[in-house]
Amino acid sequence: MSSASEQVISGLEGVLACESSVAFIDGNIPELSYRGYNIHDIAETLTYEQVVYLLWYDELPSPEQLHTFRNDLAARRGIPSVVIDLLRLMPASAHPMAGLRTAVSLLGTLDPQADDNSPADLHRKAADLTAKIPTIVAVQARLQMGQAPIEPDASLSLAGNYHYMLTGKRPDTTITRTIDTSLLLYAEHETNASTFTCRAVVGTESDYYSAVVAGIGAIKGPLHGGAIDEVMRMFLEIDQPERAGAYLDQALAAKRKISGFGHRVYRAGDARAPHLRAMAERLAEATGDRKWFTIATTVEQHMRQAKGIIANVDYYAAPVLYHLGFPLALFTNFVASARISGWSAHIFEQYANNRLIRPRALYTGHRGRQLPADYQ
Ligand code: COA
(Lines give C-alpha, C1' and ligand atoms only; values in the text may rest on other atoms or scores of the structure.)
Protein backbone atom coordinates (compact mmCIF):
# COMPACT_ATOMS: atom_id res chain seq x y z
CA MET A 1 0.00 0.00 0.00
CA SER A 2 1.34 3.44 -0.88
CA SER A 3 0.66 6.53 1.22
CA ALA A 4 -1.23 9.52 -0.22
CA SER A 5 2.07 11.33 -0.82
CA GLU A 6 3.26 8.40 -2.88
CA GLN A 7 0.38 8.41 -5.39
CA VAL A 8 1.41 8.33 -9.04
CA ILE A 9 -0.13 11.13 -11.12
CA SER A 10 -0.82 9.15 -14.27
CA GLY A 11 0.55 10.94 -17.33
CA LEU A 12 1.64 13.76 -14.97
CA GLU A 13 -1.84 15.21 -15.56
CA GLY A 14 -2.19 18.60 -13.89
CA VAL A 15 1.35 18.48 -12.45
CA LEU A 16 3.19 21.83 -12.50
CA ALA A 17 6.64 20.67 -13.64
CA CYS A 18 8.34 24.06 -14.04
CA GLU A 19 7.78 27.81 -14.12
CA SER A 20 7.34 29.37 -17.55
CA SER A 21 6.39 32.78 -18.95
CA VAL A 22 6.05 31.70 -22.60
CA ALA A 23 2.42 30.59 -22.97
CA PHE A 24 -0.64 30.55 -20.73
CA ILE A 25 -3.50 28.07 -21.16
CA ASP A 26 -6.80 27.93 -19.31
CA GLY A 27 -8.44 24.81 -20.67
CA ASN A 28 -11.84 25.57 -19.18
CA ILE A 29 -12.52 28.83 -21.04
CA PRO A 30 -10.60 28.06 -23.38
CA GLU A 31 -7.85 30.66 -23.28
CA LEU A 32 -4.41 30.61 -24.87
CA SER A 33 -1.93 33.46 -24.88
CA TYR A 34 1.68 33.84 -25.98
CA ARG A 35 3.65 36.17 -23.70
CA GLY A 36 0.37 37.68 -22.50
CA TYR A 37 -1.17 38.33 -25.95
CA ASN A 38 -4.39 36.48 -26.71
CA ILE A 39 -4.09 33.89 -29.49
CA HIS A 40 -7.15 35.32 -31.29
CA ASP A 41 -5.52 38.76 -31.62
CA ILE A 42 -2.25 37.11 -32.63
CA ALA A 43 -3.92 34.90 -35.24
CA GLU A 44 -5.72 37.82 -36.84
CA THR A 45 -2.88 40.35 -36.78
CA LEU A 46 0.67 39.01 -36.56
CA THR A 47 2.99 37.19 -38.93
CA TYR A 48 4.91 34.08 -37.93
CA GLU A 49 8.21 36.00 -37.76
CA GLN A 50 6.65 38.53 -35.36
CA VAL A 51 5.39 35.65 -33.20
CA VAL A 52 8.80 33.95 -33.14
CA TYR A 53 10.41 37.22 -32.03
CA LEU A 54 7.75 37.64 -29.35
CA LEU A 55 8.26 34.09 -28.07
CA TRP A 56 12.03 34.49 -27.86
CA TYR A 57 12.36 38.07 -26.61
CA ASP A 58 9.12 38.52 -24.63
CA GLU A 59 8.28 41.71 -26.59
CA LEU A 60 6.85 42.51 -30.01
CA PRO A 61 9.59 43.67 -32.40
CA SER A 62 9.83 47.30 -33.50
CA PRO A 63 9.78 47.72 -37.33
CA GLU A 64 13.61 47.92 -37.35
CA GLN A 65 13.98 44.88 -35.09
CA LEU A 66 11.56 42.93 -37.27
CA HIS A 67 13.44 43.93 -40.43
CA THR A 68 16.75 42.70 -38.99
CA PHE A 69 15.18 39.54 -37.56
CA ARG A 70 13.40 38.63 -40.81
CA ASN A 71 16.57 39.20 -42.85
CA ASP A 72 18.60 37.08 -40.45
CA LEU A 73 16.11 34.21 -40.64
CA ALA A 74 15.89 34.52 -44.44
CA ALA A 75 19.69 34.41 -44.78
CA ARG A 76 19.79 31.14 -42.80
CA ARG A 77 17.35 29.14 -44.97
CA GLY A 78 19.87 27.33 -47.16
CA ILE A 79 20.87 23.83 -46.02
CA PRO A 80 24.26 22.15 -46.67
CA SER A 81 24.32 19.82 -49.69
CA VAL A 82 25.31 16.93 -47.41
CA VAL A 83 21.89 17.24 -45.72
CA ILE A 84 20.15 17.03 -49.10
CA ASP A 85 22.34 14.00 -49.96
CA LEU A 86 21.29 12.40 -46.67
CA LEU A 87 17.60 13.01 -47.43
CA ARG A 88 18.07 11.44 -50.88
CA LEU A 89 19.68 8.37 -49.27
CA MET A 90 16.77 7.72 -46.91
CA PRO A 91 14.67 4.72 -47.92
CA ALA A 92 11.21 5.67 -49.19
CA SER A 93 9.78 3.43 -46.45
CA ALA A 94 11.31 5.61 -43.69
CA HIS A 95 8.89 7.86 -41.79
CA PRO A 96 9.43 11.48 -42.92
CA MET A 97 9.68 12.49 -39.26
CA ALA A 98 12.57 10.02 -38.89
CA GLY A 99 14.12 11.77 -41.89
CA LEU A 100 13.68 15.19 -40.26
CA ARG A 101 15.05 13.90 -36.95
CA THR A 102 18.14 12.52 -38.70
CA ALA A 103 18.68 15.67 -40.81
CA VAL A 104 18.56 17.92 -37.72
CA SER A 105 20.96 15.60 -35.94
CA LEU A 106 23.35 15.88 -38.91
CA LEU A 107 23.11 19.69 -38.80
CA GLY A 108 24.14 19.47 -35.14
CA THR A 109 27.28 17.50 -36.02
CA LEU A 110 28.19 20.17 -38.61
CA ASP A 111 28.00 22.99 -36.05
CA PRO A 112 31.41 23.50 -34.37
CA GLN A 113 29.62 25.45 -31.61
CA ALA A 114 27.09 22.67 -30.96
CA ASP A 115 27.97 22.45 -27.27
CA ASP A 116 28.02 26.21 -26.62
CA ASN A 117 24.98 26.76 -24.40
CA SER A 118 25.48 30.52 -23.94
CA PRO A 119 22.30 32.59 -24.50
CA ALA A 120 23.72 34.32 -27.59
CA ASP A 121 24.70 31.06 -29.25
CA LEU A 122 21.40 29.39 -28.30
CA HIS A 123 19.57 32.23 -30.10
CA ARG A 124 21.80 31.77 -33.14
CA LYS A 125 21.06 28.02 -33.24
CA ALA A 126 17.33 28.63 -32.76
CA ALA A 127 17.27 31.13 -35.66
CA ASP A 128 19.21 28.62 -37.75
CA LEU A 129 16.83 25.70 -37.17
CA THR A 130 13.68 27.87 -37.37
CA ALA A 131 14.90 28.94 -40.82
CA LYS A 132 16.29 25.58 -41.96
CA ILE A 133 13.64 23.09 -40.83
CA PRO A 134 11.04 24.42 -43.35
CA THR A 135 13.71 24.00 -46.06
CA ILE A 136 14.39 20.41 -44.96
CA VAL A 137 10.65 19.65 -44.98
CA ALA A 138 10.20 21.23 -48.43
CA VAL A 139 13.14 19.19 -49.78
CA GLN A 140 11.60 16.04 -48.30
CA ALA A 141 8.29 16.89 -50.00
CA ARG A 142 9.93 17.61 -53.38
CA LEU A 143 11.91 14.35 -53.25
CA GLN A 144 8.80 12.43 -52.29
CA MET A 145 6.96 13.93 -55.28
CA GLY A 146 9.91 12.92 -57.51
CA GLN A 147 10.84 16.56 -58.12
CA ALA A 148 14.08 18.50 -57.71
CA PRO A 149 14.46 20.60 -54.54
CA ILE A 150 14.00 24.36 -54.95
CA GLU A 151 16.45 26.88 -53.50
CA PRO A 152 14.91 29.20 -50.90
CA ASP A 153 14.06 32.77 -51.96
CA ALA A 154 15.23 35.26 -49.32
CA SER A 155 12.94 37.99 -50.69
CA LEU A 156 9.84 36.07 -49.50
CA SER A 157 8.50 35.78 -45.96
CA LEU A 158 9.09 32.49 -44.15
CA ALA A 159 5.50 31.41 -44.97
CA GLY A 160 5.65 32.57 -48.59
CA ASN A 161 9.01 30.93 -49.15
CA TYR A 162 7.75 27.68 -47.60
CA HIS A 163 5.05 27.47 -50.26
CA TYR A 164 7.49 28.51 -52.99
CA MET A 165 10.01 25.78 -52.03
CA LEU A 166 7.18 23.26 -52.02
CA THR A 167 5.47 24.16 -55.30
CA GLY A 168 7.86 26.39 -57.26
CA LYS A 169 5.06 28.98 -57.40
CA ARG A 170 5.05 32.36 -55.72
CA PRO A 171 2.02 32.32 -53.44
CA ASP A 172 -0.69 34.99 -53.42
CA THR A 173 -1.44 36.87 -50.21
CA THR A 174 -4.27 34.50 -49.22
CA ILE A 175 -2.04 31.42 -49.37
CA THR A 176 0.79 33.20 -47.57
CA ARG A 177 -1.59 34.34 -44.83
CA THR A 178 -3.00 30.82 -44.45
CA ILE A 179 0.47 29.33 -44.01
CA ASP A 180 1.51 32.18 -41.70
CA THR A 181 -1.52 31.64 -39.46
CA SER A 182 -1.08 27.85 -39.45
CA LEU A 183 2.57 28.25 -38.42
CA LEU A 184 1.84 30.70 -35.64
CA LEU A 185 -1.02 28.61 -34.26
CA TYR A 186 1.33 25.63 -34.03
CA ALA A 187 4.30 27.67 -32.76
CA GLU A 188 3.88 27.18 -29.03
CA HIS A 189 1.77 25.31 -26.51
CA GLU A 190 3.26 25.33 -23.01
CA THR A 191 4.59 22.04 -21.60
CA ASN A 192 3.12 19.67 -24.17
CA ALA A 193 4.92 16.31 -24.47
CA SER A 194 7.55 17.41 -27.01
CA THR A 195 8.33 20.72 -25.29
CA PHE A 196 8.62 18.94 -21.95
CA THR A 197 10.96 16.44 -23.63
CA CYS A 198 13.17 19.31 -24.85
CA ARG A 199 13.24 20.74 -21.33
CA ALA A 200 14.13 17.35 -19.83
CA VAL A 201 17.12 17.04 -22.19
CA VAL A 202 18.29 20.57 -21.35
CA GLY A 203 17.88 19.62 -17.68
CA THR A 204 20.97 17.42 -18.00
CA GLU A 205 22.89 20.37 -19.52
CA SER A 206 23.05 18.51 -22.82
CA ASP A 207 23.12 20.57 -26.07
CA TYR A 208 20.45 22.41 -28.09
CA TYR A 209 20.46 19.93 -31.01
CA SER A 210 19.99 16.94 -28.73
CA ALA A 211 16.98 18.68 -27.16
CA VAL A 212 15.41 19.43 -30.56
CA VAL A 213 16.05 15.93 -31.92
CA ALA A 214 14.34 14.51 -28.82
CA GLY A 215 11.45 16.97 -29.33
CA ILE A 216 11.02 15.78 -32.91
CA GLY A 217 10.92 12.20 -31.66
CA ALA A 218 8.18 13.09 -29.17
CA ILE A 219 5.98 15.11 -31.51
CA LYS A 220 6.04 12.31 -34.11
CA GLY A 221 3.69 10.15 -32.02
CA PRO A 222 0.00 9.80 -33.03
CA LEU A 223 -1.20 11.08 -29.65
CA HIS A 224 0.72 14.32 -30.28
CA GLY A 225 1.67 15.95 -33.63
CA GLY A 226 1.33 12.67 -35.51
CA ALA A 227 -2.45 12.90 -35.09
CA ILE A 228 -2.70 15.35 -37.99
CA ASP A 229 -1.72 12.73 -40.61
CA GLU A 230 -4.20 10.28 -39.09
CA VAL A 231 -7.02 12.84 -39.33
CA MET A 232 -6.53 13.28 -43.07
CA ARG A 233 -6.22 9.51 -43.58
CA MET A 234 -9.57 9.13 -41.81
CA PHE A 235 -11.21 11.75 -44.09
CA LEU A 236 -9.77 10.01 -47.17
CA GLU A 237 -11.05 6.66 -45.92
CA ILE A 238 -14.53 8.07 -45.26
CA ASP A 239 -14.43 9.70 -48.71
CA GLN A 240 -18.16 10.55 -48.85
CA PRO A 241 -19.89 12.81 -46.28
CA GLU A 242 -22.85 10.41 -46.06
CA ARG A 243 -20.52 7.64 -44.86
CA ALA A 244 -19.18 9.73 -41.96
CA GLY A 245 -21.78 8.69 -39.35
CA ALA A 246 -21.44 4.95 -39.94
CA TYR A 247 -17.64 5.20 -39.99
CA LEU A 248 -17.59 6.93 -36.65
CA ASP A 249 -20.13 4.57 -35.03
CA GLN A 250 -18.03 1.61 -36.12
CA ALA A 251 -14.76 3.16 -34.91
CA LEU A 252 -16.23 4.07 -31.51
CA ALA A 253 -17.83 0.62 -31.13
CA ALA A 254 -14.35 -0.83 -31.70
CA LYS A 255 -13.12 1.53 -28.90
CA ARG A 256 -10.77 3.32 -31.28
CA LYS A 257 -9.42 6.76 -30.39
CA ILE A 258 -10.46 9.18 -33.13
CA SER A 259 -7.51 11.33 -34.16
CA GLY A 260 -8.07 15.07 -33.99
CA PHE A 261 -10.37 14.80 -30.95
CA GLY A 262 -9.68 15.23 -27.27
CA HIS A 263 -7.03 17.13 -25.39
CA ARG A 264 -5.29 16.75 -22.05
CA VAL A 265 -5.72 20.43 -21.14
CA TYR A 266 -8.62 21.78 -23.20
CA ARG A 267 -11.94 20.49 -22.01
CA ALA A 268 -14.21 23.20 -23.46
CA GLY A 269 -12.66 23.44 -26.93
CA ASP A 270 -9.20 24.02 -28.36
CA ALA A 271 -8.47 27.77 -28.55
CA ARG A 272 -6.69 27.29 -31.90
CA ALA A 273 -9.32 25.16 -33.63
CA PRO A 274 -11.83 27.90 -34.66
CA HIS A 275 -9.14 29.65 -36.71
CA LEU A 276 -8.19 26.46 -38.54
CA ARG A 277 -11.87 25.61 -39.07
CA ALA A 278 -12.46 29.04 -40.64
CA MET A 279 -9.39 28.63 -42.86
CA ALA A 280 -10.49 25.14 -43.93
CA GLU A 281 -13.90 26.54 -44.86
CA ARG A 282 -12.40 29.46 -46.80
CA LEU A 283 -10.12 27.09 -48.73
CA ALA A 284 -13.09 24.81 -49.49
CA GLU A 285 -14.97 27.82 -50.90
CA ALA A 286 -11.97 29.14 -52.81
CA THR A 287 -11.14 25.80 -54.44
CA GLY A 288 -14.78 24.76 -54.96
CA ASP A 289 -13.88 21.45 -53.29
CA ARG A 290 -16.12 21.31 -50.21
CA LYS A 291 -15.83 17.55 -49.71
CA TRP A 292 -13.21 17.50 -46.95
CA PHE A 293 -14.75 20.35 -45.01
CA THR A 294 -18.18 18.71 -45.19
CA ILE A 295 -16.78 15.36 -44.03
CA ALA A 296 -14.95 17.14 -41.21
CA THR A 297 -18.00 19.03 -39.95
CA THR A 298 -20.16 15.90 -40.20
CA VAL A 299 -17.71 13.78 -38.18
CA GLU A 300 -17.31 16.60 -35.64
CA GLN A 301 -21.08 16.81 -35.15
CA HIS A 302 -21.38 13.03 -34.72
CA MET A 303 -18.48 13.00 -32.27
CA ARG A 304 -20.06 15.79 -30.21
CA GLN A 305 -23.33 13.87 -30.01
CA ALA A 306 -21.74 10.45 -29.38
CA LYS A 307 -18.96 11.37 -26.92
CA GLY A 308 -19.05 15.13 -26.30
CA ILE A 309 -15.34 15.28 -27.14
CA ILE A 310 -13.86 18.44 -28.68
CA ALA A 311 -11.99 18.80 -31.98
CA ASN A 312 -8.36 19.78 -31.35
CA VAL A 313 -5.85 21.84 -33.35
CA ASP A 314 -4.99 18.97 -35.70
CA TYR A 315 -8.55 18.34 -36.79
CA TYR A 316 -9.10 21.27 -39.16
CA ALA A 317 -5.38 21.78 -39.78
CA ALA A 318 -5.44 18.52 -41.76
CA PRO A 319 -7.79 19.75 -44.54
CA VAL A 320 -5.99 23.13 -44.52
CA LEU A 321 -2.62 21.50 -45.32
CA TYR A 322 -4.29 19.15 -47.81
CA HIS A 323 -5.78 22.08 -49.74
CA LEU A 324 -2.40 23.83 -49.68
CA GLY A 325 -0.88 20.84 -51.49
CA PHE A 326 1.25 19.53 -48.64
CA PRO A 327 1.96 15.79 -49.12
CA LEU A 328 -0.04 13.91 -46.49
CA ALA A 329 2.97 12.00 -45.14
CA LEU A 330 4.61 15.33 -44.24
CA PHE A 331 1.83 16.99 -42.23
CA THR A 332 3.55 16.21 -38.91
CA ASN A 333 6.80 17.58 -40.34
CA PHE A 334 4.96 20.85 -40.96
CA VAL A 335 3.83 20.87 -37.32
CA ALA A 336 7.43 20.33 -36.16
CA SER A 337 8.65 23.08 -38.51
CA ALA A 338 6.42 25.51 -36.61
CA ARG A 339 6.92 24.16 -33.08
CA ILE A 340 10.71 24.62 -33.32
CA SER A 341 10.12 28.25 -32.29
CA GLY A 342 8.22 27.30 -29.12
CA TRP A 343 10.66 24.53 -28.26
CA SER A 344 13.47 27.07 -28.54
CA ALA A 345 11.74 29.56 -26.23
CA HIS A 346 11.41 26.82 -23.59
CA ILE A 347 14.98 25.65 -24.15
CA PHE A 348 16.23 29.22 -23.45
CA GLU A 349 14.09 29.34 -20.31
CA GLN A 350 15.28 25.95 -19.05
CA TYR A 351 18.99 26.75 -19.55
CA ALA A 352 18.50 30.11 -17.80
CA ASN A 353 16.99 28.52 -14.70
CA ASN A 354 17.95 24.89 -14.76
CA ARG A 355 17.54 22.10 -12.30
CA LEU A 356 17.94 18.46 -13.34
CA ILE A 357 14.51 16.98 -14.13
CA ARG A 358 14.48 13.68 -12.34
CA PRO A 359 11.14 12.41 -11.04
CA ARG A 360 10.71 9.18 -9.13
CA ALA A 361 8.75 6.03 -9.94
CA LEU A 362 6.46 4.24 -7.52
CA TYR A 363 8.15 0.87 -7.41
CA THR A 364 5.76 -2.02 -8.09
CA GLY A 365 8.23 -4.87 -8.69
CA HIS A 366 9.74 -7.61 -6.52
CA ARG A 367 11.91 -6.84 -3.50
CA GLY A 368 14.28 -8.83 -1.35
CA ARG A 369 14.70 -11.75 -3.76
CA GLN A 370 17.63 -14.12 -3.17
CA LEU A 371 19.67 -15.52 -6.04
CA PRO A 372 19.32 -19.33 -5.97
CA ALA A 373 22.52 -20.77 -4.49
CA ASP A 374 23.00 -23.14 -7.45
CA TYR A 375 22.31 -20.48 -10.16
CA GLN A 376 25.24 -20.21 -12.61
N1 COA B 1 -11.51 9.38 -29.41
C2 COA B 1 -12.32 8.65 -28.62
N3 COA B 1 -12.35 8.75 -27.30
C4 COA B 1 -11.49 9.62 -26.74
C5 COA B 1 -10.63 10.43 -27.50
C6 COA B 1 -10.67 10.27 -28.88
N7 COA B 1 -9.85 11.00 -29.66
N8 COA B 1 -9.92 11.21 -26.68
C9 COA B 1 -10.33 10.93 -25.44
N10 COA B 1 -11.27 9.97 -25.48
C11 COA B 1 -11.95 9.38 -24.32
C12 COA B 1 -11.09 8.31 -23.70
O13 COA B 1 -11.34 7.04 -24.27
C14 COA B 1 -11.51 8.41 -22.25
O15 COA B 1 -12.75 7.77 -22.13
P16 COA B 1 -13.06 6.84 -20.86
O17 COA B 1 -12.93 7.75 -19.68
O18 COA B 1 -14.42 6.33 -21.14
O19 COA B 1 -12.00 5.79 -20.88
C20 COA B 1 -11.76 9.89 -22.04
O21 COA B 1 -12.09 10.40 -23.33
C22 COA B 1 -10.56 10.63 -21.49
O23 COA B 1 -9.46 10.41 -22.38
P24 COA B 1 -7.95 10.20 -21.94
O25 COA B 1 -7.31 9.26 -22.91
O26 COA B 1 -7.85 9.89 -20.49
O27 COA B 1 -7.40 11.66 -22.17
P28 COA B 1 -5.90 12.05 -22.16
O29 COA B 1 -5.84 13.40 -21.57
O30 COA B 1 -5.03 11.01 -21.55
O31 COA B 1 -5.53 12.05 -23.71
C32 COA B 1 -5.28 12.69 -25.93
C33 COA B 1 -5.52 13.18 -24.51
C34 COA B 1 -5.04 13.90 -26.81
C35 COA B 1 -4.02 11.82 -25.95
C36 COA B 1 -6.50 11.88 -26.42
O37 COA B 1 -7.63 12.71 -26.40
C38 COA B 1 -6.27 11.29 -27.78
O39 COA B 1 -5.70 10.20 -27.90
N40 COA B 1 -6.72 11.98 -28.88
C41 COA B 1 -6.49 11.51 -30.21
C42 COA B 1 -5.08 11.89 -30.67
C43 COA B 1 -4.97 13.37 -30.96
O44 COA B 1 -5.79 13.96 -31.67
N45 COA B 1 -3.86 13.98 -30.48
C46 COA B 1 -3.56 15.36 -30.74
C47 COA B 1 -3.75 16.18 -29.51
S48 COA B 1 -3.55 17.92 -29.86
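The shown structure was predicted, so the numbers you read here are calculated from the model rather than taken from an experiment.

1. A word on the overall build of the protein
- When you go through the protein residue by residue, the secondary structure sums to 16 helices and 3 strands.
- What you see for the protein is a C-alpha radius of gyration of 22 Å, in line with the 21 Å of a compact globule of 376 residues.
- Each of the three principal axes of the protein carries a C-alpha extent, and together these read 75 × 55 × 45 Å.
- Counting over 376 residues, the protein shows a buried share of 50%.

2. With respect to the site of the ligand
- Neighbouring residues of the ligand: 18 residues in total, closest I258, G260, F261, R264 and N312.
- Between the ligand and G260, the relevant distance is 2.8 Å, taken from an oxygen atom to a main-chain nitrogen or oxygen of the residue.
- Taking F261, its main chain carries an N or O atom lying 2.8 Å from a nitrogen atom of the ligand.
- Its free accessible area being 870 Å², the ligand has 65% of it covered by the protein chains.

3. With respect to the pattern of salt bridges
- For the structure on display, the rule yields 16 salt bridges.
- With a shortest N-O distance of 2.9 Å, D121 and R124 are connected by a salt bridge. Taken together, the residues D121 and R124, both in helix α6 (residues 119-144) and 3 residues apart, mark about one turn of the helix.
- Classification of D121 by relative accessible area gives buried; the value is 10%.
- Among the ionic pairs, R272 bridges to D270, the shortest N-O distance being 2.9 Å.

4. Some details on the nonpolar core
- Core analysis: the largest hydrophobic core is formed by 108 residues, its most contacted members being Y34 and Y315.
- Residue contributions to this core peak at 11 residues, all from helix α16 (residues 331-352).
- Excluding anything up to four places from it in sequence, Y34 contacts V22, A23, I39, I42, V51, L54, L55, L184, L185, A187 and E188.

5. Description of the packing of helix α10 (residues 208-219) against α16
- Axis separation between α10 and α16 bottoms out at 10 Å; the angle between their running directions is 135°. By the angle class used here, α10 and α16 are oblique. The two elements α10 and α16 cross, and the hand of that crossing is right-handed. Across the interface between the two elements, Y208, A211, V212, G215, I216 and I219 of α10 pack against T332, V335, A336, R339, I340, W343, S344, I347 and Y351 of α16.

6. A word on the packing of aromatic side chains
- Inspection of every chain in the model, using the stated rule, returns 14 aromatic pairs.
- Centroid distance F235 to Y315: 5.3 Å. Interplanar angle 85°. Geometry classified as edge-to-face. Of this pair, F235 sits in helix α11 (residues 227-238) while Y315 sits in helix α15 (residues 313-323); the two residues are 80 residues apart in sequence, bridging distant segments of the chain.
- With a centroid separation of 4.6 Å and 50° between ring planes, the pair formed by F261 and Y315 is classed as tilted. Taken together, the residues span a long stretch of sequence, with F261 in the loop between α12 (244-253) and α13 (273-287) and Y315 in helix α15 at a distance of 54 residues. Each member of the pair, F261 as well as Y315, is classed as buried.
- Put simply, the rings of Y53, W56, Y57, F69 and F348 pair up and form one aromatic cluster.
- The aromatic ring of Y164 is capped on one face by R170, whose charged end is 4.6 Å from the ring centroid.

7. Digging into the packing of helix α5 (residues 96-110) against α6
- Between α5 and α6, whose axes approach to 11 Å, the crossing angle comes to 135°. For the element pair α5 / α6, the angle class is oblique. Taken as a pair, α5 and α6 cross one another with a handedness that is right-handed. Within the contact between the two elements, α5 uses P96, G99, L100, A103, V104 and L107 and α6 uses L129, K132, I133, I136, V137, Q140 and Q144.
- Classifying every residue of the contact of α5 with α6 by side-chain character gives 9 nonpolar, 3 polar and 1 charged.

8. Digging into a positive patch on the surface
- Residues K255, K257, R264 and K307 make up a contiguous surface patch of positive charge.
- According to the relative accessible area criterion, K255 is exposed, its value standing at 76%.

9. Comments concerning the sheet that holds strand β2 (residues 31-34)
- Spatial strand order, β1-β2-β3: 3 strands in an open sheet with antiparallel pairing. Bordering the open sheet on either side are β1 (23-26) and β3 (37-38), each of which pairs with just one other strand.
- With 4 bridges connecting them, β1 and β2 associate as antiparallel partners. Bridging across to β2, A23 finds its partner in Y34.

Cut-offs and rules
Residues numbered from 1 in each chain as written. Predicted model: local features only at pLDDT ≥ 70, side-chain atom pairs only at ≥ 80, totals over all residues. Heavy atoms only, no water. Helix = DSSP H or I, 4+ residues; strand = E, 2+ residues; numbered from the N terminus. Rg over C-alpha atoms; globule rule 2.2 N^0.38 Å. Buried < 20%, exposed > 50% of the residue type's maximum accessible area, 1.4 Å probe, protein only. Near = heavy atom within 4 Å. Polar contact = N/O pair within 3.5 Å; in protein donor to acceptor, adjacent residues only side chain to side chain. Areas by Shrake-Rupley, 256 points an atom, 1.4 Å probe, with all protein chains shown as cover. Salt bridge = Lys/Arg side-chain N within 4 Å of Asp/Glu carboxyl O. Core = buried A, V, L, I, M, F, W, Y, C linked by side-chain atoms within 4.5 Å. Contact = heavy atoms within 4.5 Å. Axes fitted to C-alpha atoms, helices over the stretch in contact; angles between N-to-C directions. Parallel < 35°, antiparallel > 145°, perpendicular 65-115°, else oblique. Left-handed = near helix turned anticlockwise from the far one by under 90°. Phe/Tyr/Trp six-rings, centres within 6.5 Å; stacked < 30°, edge-to-face > 60°. Lys NZ or Arg CZ within 6 Å of the ring centre and 35° of its normal. Nonpolar A, V, L, I, M, F, W, Y, C, P; charged D, E, K, R; others polar. Patch = residues over 30% accessible without salt bridge, like charges linked within 9 Å, V, L, I, M, F, W, Y side chains within 5 Å. Lys, Arg positive; Asp, Glu negative; His and termini not counted. Charge placed at Lys NZ, Arg CZ, Asp CG, Glu CD. Pairing = 2+ DSSP bridges.

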